[in-house]
Each structure stands twice: as structure tokens, then as C-alpha cells.
Amino acid sequence: MHKWTGEKEVGTQFADIIIDISHEQLDKTFQYRIPDSLIHKVEVGMCVNVPFGKGNTLRKGYVISIGAECKFDPEKTKPIHSLADTDAAVEDDSILLARILQKKYGCTMIQALKTVLPAKHTVKQLQHRTILRKMNREELLSVLGEAARKKQVAKVRLLTELKEQERIPYEWVTGKLNVSGATIASLEKAGVIQIETINSLRNPVKSMEQKHAGKVLSPDQQRIVDTIIGNMEQGISRTYLIHGITGSGKTEVYMEVIQKVVLEGKQVIVLIPEIALTYQTLLRFYQRFGDRVSVMNSTLSSGEKYDQCERAKQGEIDVIIGPRSALFTPFPHLGLIVVDEEHEGSYKSESTPKYHARDVAIELAALHGASVILGSATPSLEAYHKAQRGEYQLFTLKERLTGGQLPTVHTVDLRQELRDGNRSIFSRKLQELLTDRLSKGEQCILFLNRRGYAGFISCRACGHVCKCPHCDVSLSEHKNGRLICHYCGYSEPKPKVCPECGSKYISGFRAGTQQIEEKLKEMFPGVRTLRMDADTTKTKDSYEAILSAFANEEADVLIGTQMIVKGHDFPKVTLVGVLAADLSLSANDYRAGERTFQLLTQAVGRAGRSKLPGEAVIQTYQPEHYAVSFAAAQDYEGFYEEEILYREMLEYPPASHMLAVQIFAGIQQDGKMLADTLAEVAKEDKQRVIGPVAATISKINDIFRFVFYVKSADYDTLIKTKEKIEEKRKMMQPVRGQVQFDFDPMITM
Ligand code: ADP
Ligand code: ZN
Ligand code: ZN
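Calculation notes
- Residues numbered from 1 in each chain as written.
- Chains lettered and ligands numbered in written order.
- Predicted model: local features only at pLDDT ≥ 70, side-chain atom pairs only at ≥ 80, totals over all residues.
- Heavy atoms only, no water.
- Helix = DSSP H or I, 4+ residues; strand = E, 2+ residues; numbered from the N terminus.
- Buried < 20%, exposed > 50% of the residue type's maximum accessible area, 1.4 Å probe, protein only.
- Contact = heavy atoms within 4.5 Å.
- Areas by Shrake-Rupley, 256 points an atom, 1.4 Å probe, with all protein chains shown as cover.
- Near = heavy atom within 4 Å.
- Polar contact = N/O pair within 3.5 Å; in protein donor to acceptor, adjacent residues only side chain to side chain.
- Nonpolar A, V, L, I, M, F, W, Y, C, P; charged D, E, K, R; others polar.
- Phe/Tyr/Trp six-rings, centres within 6.5 Å; stacked < 30°, edge-to-face > 60°.
- Lys NZ or Arg CZ within 6 Å of the ring centre and 35° of its normal.
- Donors = N, O, S within 2.8 Å, 3.2 Å for Na, K, Ca; no water.
- Tetrahedral: all angles 85-135°; square planar, octahedral: opposite > 155°, others 65-115°.
- Pairing = 2+ DSSP bridges.
- Axes fitted to C-alpha atoms, helices over the stretch in contact; angles between N-to-C directions.
- Salt bridge = Lys/Arg side-chain N within 4 Å of Asp/Glu carboxyl O.
- Parallel < 35°, antiparallel > 145°, perpendicular 65-115°, else oblique.
- Left-handed = near helix turned anticlockwise from the far one by under 90°.

Topic: the overall build of the protein chain
For the protein chain, the helix and strand inventory stands at 22 helices and 30 strands. When burial is assessed residue by residue, the protein chain has 54% of its 749 residues classed as buried. Nonlocal contacts in the protein chain, meaning residues at least 24 apart in sequence, comprise 75% of its contacts between residues at least 6 apart. In the form shown here, the protein chain has an accessible surface area of approximately 32600 Å², with 50% of it arising from carbon and sulfur atoms.

Notes on the site of ligand 1
Close to ligand 1 lie 16 residues; Val 216, Gln 221, Gly 247, Thr 251 and Arg 284 are nearest. One of the backbone nitrogen or oxygen atoms of Val 216 is found 2.7 Å away from a nitrogen atom of ligand 1. For ligand 1, whose free accessible area comes to 550 Å², the fraction covered by protein is 77%. Of the residues that constitute the shell around ligand 1, the class distribution is four nonpolar, eight polar and four charged.

Digging into the packing of aromatic side chains
Throughout the structure, instances matching the rule amount to 13 aromatic pairs. Taking 4.8 Å as the distance between ring centres and 70° as the angle between the ring planes, the aromatic pair formed by Tyr 384 and Tyr 636 counts as edge-to-face. Highlighted residues: Tyr 384 in helix α12 (residues 381-388) and Tyr 636 in helix α20 (residues 636-649), separated in sequence by 252 residues. Accessibility assignment for this pair places Tyr 384 and Tyr 636 in one class, buried. By the ring-pair criterion, three or more aromatic residues cluster together here, those being Tyr 384, Phe 597, Tyr 626, Tyr 636, Phe 639 and Tyr 640. Above the ring of Tyr 715, the side-chain terminus of Lys 104 is found at 4.7 Å from the ring centroid.

A short note on the coordination of the zinc ion (ligand 2)
Listed as protein donors to the zinc ion (ligand 2) are Cys 459 (SG), Cys 462 (SG), Cys 498 (SG) and Cys 501 (SG); their distances from the metal cover 2.2 to 2.4 Å. Classification of the site at the zinc ion (ligand 2) rests on its four donor atoms, whose angles at the metal span 106 to 113°, yielding the label tetrahedral. Linear spacing of the donor residues for the zinc ion (ligand 2) on their chain is C-x2-C-x35-C-x2-C. Here Cys 462 is found in the loop between β18 (458-459) and β19 (476-477), whereas its partner Cys 498 is found in the loop between β21 (491-493) and β22 (506-507), with 36 residues between them in sequence. Residue classification places Cys 462 among the partly exposed residues on the basis of a relative accessible area of 21%. Assessed through its relative accessible area of 2%, Cys 498 is described here as buried.

Regarding the side chain of Arg 591
Secondary-structure assignment places Arg 591 in the loop between α17 (582-585) and α18 (592-604). Here Pro 745 takes part through its backbone oxygen, which lies 3.2 Å from a polar atom of the side chain of Arg 591. Setting aside chain neighbours within four positions, we find Arg 591 in contact with Glu 382, Arg 647, Asp 744, Pro 745 and Met 746.

Looking at the sheet that holds strand β15 (residues 393-397)
Working definition: the strands of a sheet are paired by backbone hydrogen bonds and lie parallel or antiparallel to each other. The strand order across the open sheet formed by seven strands is β11-β12-β10-β13-β14-β9-β15, and the pairing between neighbours is parallel. Since the sheet does not close on itself, it has two edges, and those belong to β11 (293-295) and β15, each with one partner. Strand-to-strand twist of the sheet, defined as the mean angle between neighbouring strand axes without regard to direction, takes the value 15°. With four bridges joining them, strand β10 (residues 267-271) and strand β12 (residues 319-322) adopt parallel strand pairing. Residue pairing in the sheet places Val 268 in a bridge with Val 319 of β12.

Side note on the pattern of salt bridges
Oppositely charged side chains may form a pair once their charged atoms are brought near each other. Here the structure, examined in full by the defined rule, presents 36 salt bridges. The partner of Arg 595 in a salt bridge is Asp 589, and the shortest N-O contact between them spans 3.4 Å. You can call Arg 595 buried: its relative accessible area is 14%. Given the relative accessible area of 6%, Asp 589 is considered buried.

Points about the environment of Thr 160
Relative to the assigned elements, Thr 160 resides in helix α4 (residues 153-164). A residue is classified by how much of its surface remains accessible, and Thr 160, at 31% relative accessible area, is partly exposed. Residues Thr 160 and Leu 141, 19 residues apart in the sequence, show an inter-C-alpha distance of 8.6 Å.

Examining the sheet that holds strand β28 (residues 688-700)
Spatially, four strands are ordered β28-β29-β27-β30 in an open sheet, and the strand pairing comes out antiparallel. Either end of the sheet is taken by a strand with one partner, and the two such strands are β28 and β30 (738-743). Each strand axis lies, on average, 20° off the axis of its neighbour in the sheet, ignoring direction. As paired strands, strand β27 (residues 657-665) and strand β29 (residues 703-712) are joined by nine bridges and run antiparallel to one another. If you follow Ile 663 over to β29, its bridge partner there is Phe 706. Seen against the sheet, helix α21 (residues 668-684) touches β27, β28, β29 and β30 and runs at an angle of roughly 10° to β29. Each of β27, β29 and β30 touches helix α22 (residues 715-731); the most contacted strand, β30, lies at about 180° to it.

Regarding unusual backbone geometry
Omega for the peptide link from Thr 352 to Pro 353 comes to -5°, which places this bond in the cis form. Cis geometry is found at the peptide bond from Gly 691 to Pro 692, where omega equals 5°. Following the sequence through the fold, Pro 692 ends up in strand β28. Positive phi, normally seen in glycine, also occurs at Glu 341, with a value near 50°. Of note, Glu 341 is situated in the loop between β13 (334-340) and α11 (357-368). In the Ramachandran plot, Gln 634 falls in the positive-phi region, its phi being about 55° despite a non-glycine side chain. Of note, Gln 634 is situated in the loop between α19 (626-632) and α20. The class for Gln 634 is partly exposed, based on a relative accessible area of 25%.

With respect to the packing of α18 against α20
As a packed pair, α18 and α20 sit with axes 10 Å apart at the nearest point and diverge in direction by 170°. By the criterion of interaxial angle, the relationship of α18 to α20 is roughly antiparallel. The handedness of the crossing between α18 and α20 comes out as left-handed. Facing Gly 593, Glu 594 and Phe 597 of α18, the residues of α20 in contact are Tyr 636, Phe 639, Glu 643 and Arg 647. By residue class, the composition of the contact of α18 with α20 is three nonpolar, one polar and three charged.

A look at the packing of helix α7 (residues 219-233) against helix α8 (residues 250-263)
Describing two packed helices takes the angle between their axes plus the distance from one axis to the other. Contact pair α7 / α8: the axes reach a minimum separation of 10 Å and the direction vectors enclose 30°. Regarding the angle of α7 to α8, the classification is roughly parallel. Our pair here, α7 against α8, has a crossing hand that is right-handed. Touching Gln 221, Ile 224, Val 225, Ile 228, Ile 229, Met 232 and Glu 233 of α7 are Glu 252, Val 253, Glu 256, Val 257, Lys 260 and Val 261, all from α8. Considered class by class, the residues forming the contact of α7 with α8 number eight nonpolar, one polar and four charged.

Here is the structure:
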């Protein structure tokens, strides 16, 4: 086509527009002329109607940029038809942020915009209900006592909250506290509470009153606050990492800095993993910041989410708390982003763009000149690595401020148990301690860390795990009887006897939570158990219901997967048993050690949160593995030193960067062909390429999945390689299949 680059038409303006159709081929801008009637109305970020294609059907599109230069034949450039009525203009910031996502994570601008922009929804009148306490504390306590005697557990949950708080949002009571409408109605009838209804008040936390000032900070906390605020006052904004165990006072530090930022007239985003968004956590923020705080979580309707964004833009709120997506709250003067539990896997998006909220937070802060505070008890290798190199400023908080000792940890060697003739899934130490706790009426948690579990093979006699000789990750067992590496595709026959010690006890670990529950009931008849796993938590409410039931001591033992290590505090728990640390240790990806360390540390930390001293038992076939031994010793630095050596040696992130190129195709040959051809592109680029291989789950819903990995020390090089792969993909058009990119992946596909 003949190009008219540089040709200017005086007075005429042109807009680059992307059409809102989710298709890779449309990931480019189309230029339209802005007609005179719209010349001062069209702005960057607006949604407009444009004639599209041969039939000139009207389509919606986003204005990405506006300029005076026509890139094509001005005669043939079509005019914008009209403004799309559903949308207001979005901030330029959102477009900038979308561009960052697009570049950094290899998605289309449309996908990036969809991530960044709030979903638009027709605003319907909403009723907002609040539960008010109608009695004084003494009267309430007597009602509470009666409900407890009658074992009306839901009533007890609500009344217990009302003891502390005179007003509670209705949604909290039905949602997080899992109390039914009928129960609430009966309490209203009895005159214990009153339900207040206000129309169209969309702030879910409006009813909370501001009451509390901050605590007097410890010298360690104060030093952190002074440093951060001192920097802010000098106009220095940077990223800070606070490493401190649960209960060491990190949240108190965040709140102190937040207060300062808010007083300066700026706004704050606080990211918390969805699972940790408990009433107790939020209450602290409400109590400190009153109705200038708002919450974004998945229980809000899209209408409510949209309203939150509107309120943020209009300056009605100062602080938003929420999971990953709260990052895209459009504040006019963002001053600070807090990322609590920054190591959490849920900060990484699993759909395109596969962004990491921590990294995007840092980019977003840079756009605004804002600061970032990361916090964790077990920092990600990424964050700690950057802190070690001075890119982030590191602070450490070492003491628990609430009292409560760190638990005593016993590591049990399951190989020795087998040698001594104990074939049960409970070691003798765990049995002994369970017996003791049950007799005392204290609570226990049994933890099965199945995360990342993908059918690895190990020896029950010596603990040997079959690993890939090239990638040093566990091999997974396949139905065809072979063991396979899911990074590079290496495979070998499944051994009949252990290659290390010759034992015939070489197999996968198959016990599930259900089986553990059965065995426990056999061993301790009459024990009251609760089980929490993917089966028992199909709905969000059931998750909360199980946790509240356990908190209310409706069971002696809670058995569950990694879900149980977060969320509520259980003061009566004095024993935590980890049944097989090896399960997550032998996951088939390079983060297995890190995840195991995090899970074990969290699990162990669940015992002994209050005055009662706690103990933990870690059962394992690999007691000498550093992830196990450092977790048992609660030594993060020790773990980091070992783990970073492994990452450096094998060039895994954060020592290097890794791009996963994922291919999805309806026809297996197409997928394989795409994978092979695209991997060649990366190899031509002189990059280190691993694979391609069929994914761990090689087919889902009849879609075949392939993956290969590209490693490079330089992230920008990977972006260039990604762009070349996209180019190549476009040239291979008749071949059907989808390509997705995952930079520094958290999960192995
Ligand atoms: P983290 O966020 O590290 O888990 P928190 O900030 O939640 O720690 O603090 C743990 C507990 O200690 C909370 O109950 C909090 O109210 C209390 N706390 C924090 N800082 C102080 C302080 N300076 N003085 C007294 N109590 C504190
Ligand atoms: Zn062996
Ligand atoms: Zn391999």
C-alpha cells in the first residue's frame, strides 16, 4: 500500500484506534479521521463508534493516541462516527499502564485495557443494609450465653462480633460470618439488633466509625516509618521490603505510613491476597481510617466495583484495600502502594496478561512518583534478591509483638519409621502428640501440602526422588509407565526398584485428605474432624464456614490442604502436623523448594499463636533437604542463601529470566508444528531454549497444550524474542492455534 507518512493536512486530526474485538489479528491500531463535529470531544482513552471492514459496520474502539499526521491515504481514511455512549473518558494513566502491561507481558492492547479498565455496568439503585446492636454489652452477653448453651453456632458468631462492634455491614454477616438471613431476622424480632437500610450508598464500609489512633510503635517499627517518611519528604520514592514474621507488626507500620500519605492529600492502594481479606484485617483499617477506606473484593458486584472506581476518581476515598485487581483503582494522586504477603502466588494473574501485581505495582508507582512497601514473613526470592542488591531497601522485624512463642518443631524421618515397622501415615511422634492434645481438649491441624503435586516417584526406604538429569526438577509419572520432565521432555522408564538403595518400596504418594480423615477416626474413635480441600470448598461460603466452625471449636482436628495455612487465627491450636513435606518439595518445577519453605513456615507458625505453647511435626522422606531443615529452624536467610545458589547454577529466576511460550491447538499436529517452529525462532535468536514439550496436562477440553521455555539474563531480550515469535506466528496464519506468553512463570504448565 502507498504510504503518505509525514504528509500533513492542516487542521485535521487523526486518531489511532483499537477495535474491541478479542482476536490476535486485530492487535494493531487503525487510523481514523476525527470529523469537525467531534474535534474537541474525542480524547485519548475514549470509547468511540467507528465504521469497520468492507461493510462499514459500526464497531466500538478505544482511542489510543491522537495526532495531526496521517499514516495512510487521507482520502481513504474513514471518519469516526460518534462517541460511544456507555463510556466516559478514562484517564491517560490507564492507557499508559495498559501499554506497560502489553509490552512487559506480551498481550494485546485490548487485553491490557480490559485488565486495567473497570468493567462498565449500568448503575442500578442499591440498597445498603447495616446491622445495628440494640442492646448494651451486658444484655448482649446474656443473649450470647444463652445461644452458646443452645449450641446456636451461627448466632454465637454474630453476637460475638457485635460484642466488639456496634455496627456491621449486612454483607459481612451473611458473607464472611456465614449467618443466614433467617437467623438475622429472628435476632431482629427478639429486639437484639436492628437492620438499617439506606438507598444507593455504595460504600461497603461506610457504616464504620473512625475510632482508633495508632499504637505506640516499637523502636524497630519507628525506624522503618521514619526512614520511609523521611525519604518521602525529600521527594525520594522507592521500593521497600519489610521482612517480618506474622505478628511482628508490619501492618501497624503500613498504617502509620498510610496515615502520613493521606494527610498529604494522596491516595493509597493496599494489596492483600483475597484469602487473607478477613473481617479482622479490614476492621483495623476501618477503625483507623473510617469511611475514607474502601474494599474491593470478589464478593462485590461489578456495579459496586465500578462505583468504587468512580469514587476513587472523584477523591471520595483515600485508601483502597483488595486483591490483585485493586491495583487498577484510578486514583488521581497515588502516593503509596502496599503489597502485603508479596510472596503469594495469587498476585500473579493466570489469564493473559499474565502480570505480577508486585511488578506492576512498582511500574505504576513510578508513573505517579509513588512509593511501594512490600511485606512478607517469607519474601519471594525475587524480592529478597533485589533487596540484597540494593534495588529495594530491606527492613527486618524479628519479634512477635503479641507474645506467643514460636513453636517447637520436630522433624520426623519417615524412612526411619518404615525401618522401625511403622507403615501408618502418622509417625509415632505425631500419634503421641495427637493423643496428648485430644486428651487436653486442645485443637490440632493436619496439613497435606498437595500443591504442585504431579505424580512424582520416590523411595519410601531411602527418600530418593527421581529427577531430570538436565533440569533438576522431579520427573512425573505418566500412564504409559514412563517418567517425564515437564521442562525439557527428557523421559525414562519407571524403575522397578530404587536406583539408590534397591528397595522395592518405590512409588508415588497417594494419600488424600479423605483417607487421612478416615485413618484418624480409626485411630481416635469419636474425634471430631473438619476437612478442607477442593472438594469441601466448592463455594466461597463453605470455606469461611469451615474456618468459623473450627474457630468456634466445633471440631478437634482440621485436616486440609494449603488453604488452611492462611486466614483466621486459631488460639486453641497447639499442634500442627505436616504429613508429607515431600509432596510440594517434589513438585515438577523450580519453585518447589521455595513454595515448600513458605508452606512449612506458615503451617508451623499456626501452632502456638496465643499463650498456649505450640509444637509442630514435619514428616518427611528428605529431612536433610534445606527447604525442610531451614523451615524447621525458622531460618529464612539460611534458606535464601541455599536457594539462590540453586537458581544461579541452573539459571532460573530471579538469577535469570524465563519466558514460557504456551501453545494451545485443537489439532495435535498443529500444536506440535507451532511449538517446534516458534521454538526455532527463539533458537535463531541465539537464546537458550528448553523444550518444546507437551504440557503436564497435555490436553484439556480437547485442546492440546505445548510449552517451551526461553531463558535469558536480560528481560528486554526476552521481550524482543517474544515479538519475533509473534511476527512468526502471524506469518503462519493458516495453522490454527493460540499462543500465550508467561514471563517468569509461577506455575509449570
Ligand atoms: P503483622 O502484620 O506483621 O502480622 P501486625 O501489625 O498485625 O503484624 O501486628 C501483630 C499484632 O501486634 C497486632 O495485634 C497488633 O495490633 C499488635 N501490634 C503491632 N504493633 C504494636 C505496637 N507497637 N505495640 C503494641 N501492639 C502492637
Ligand atoms: Zn531407595
Ligand atoms: Zn529436564
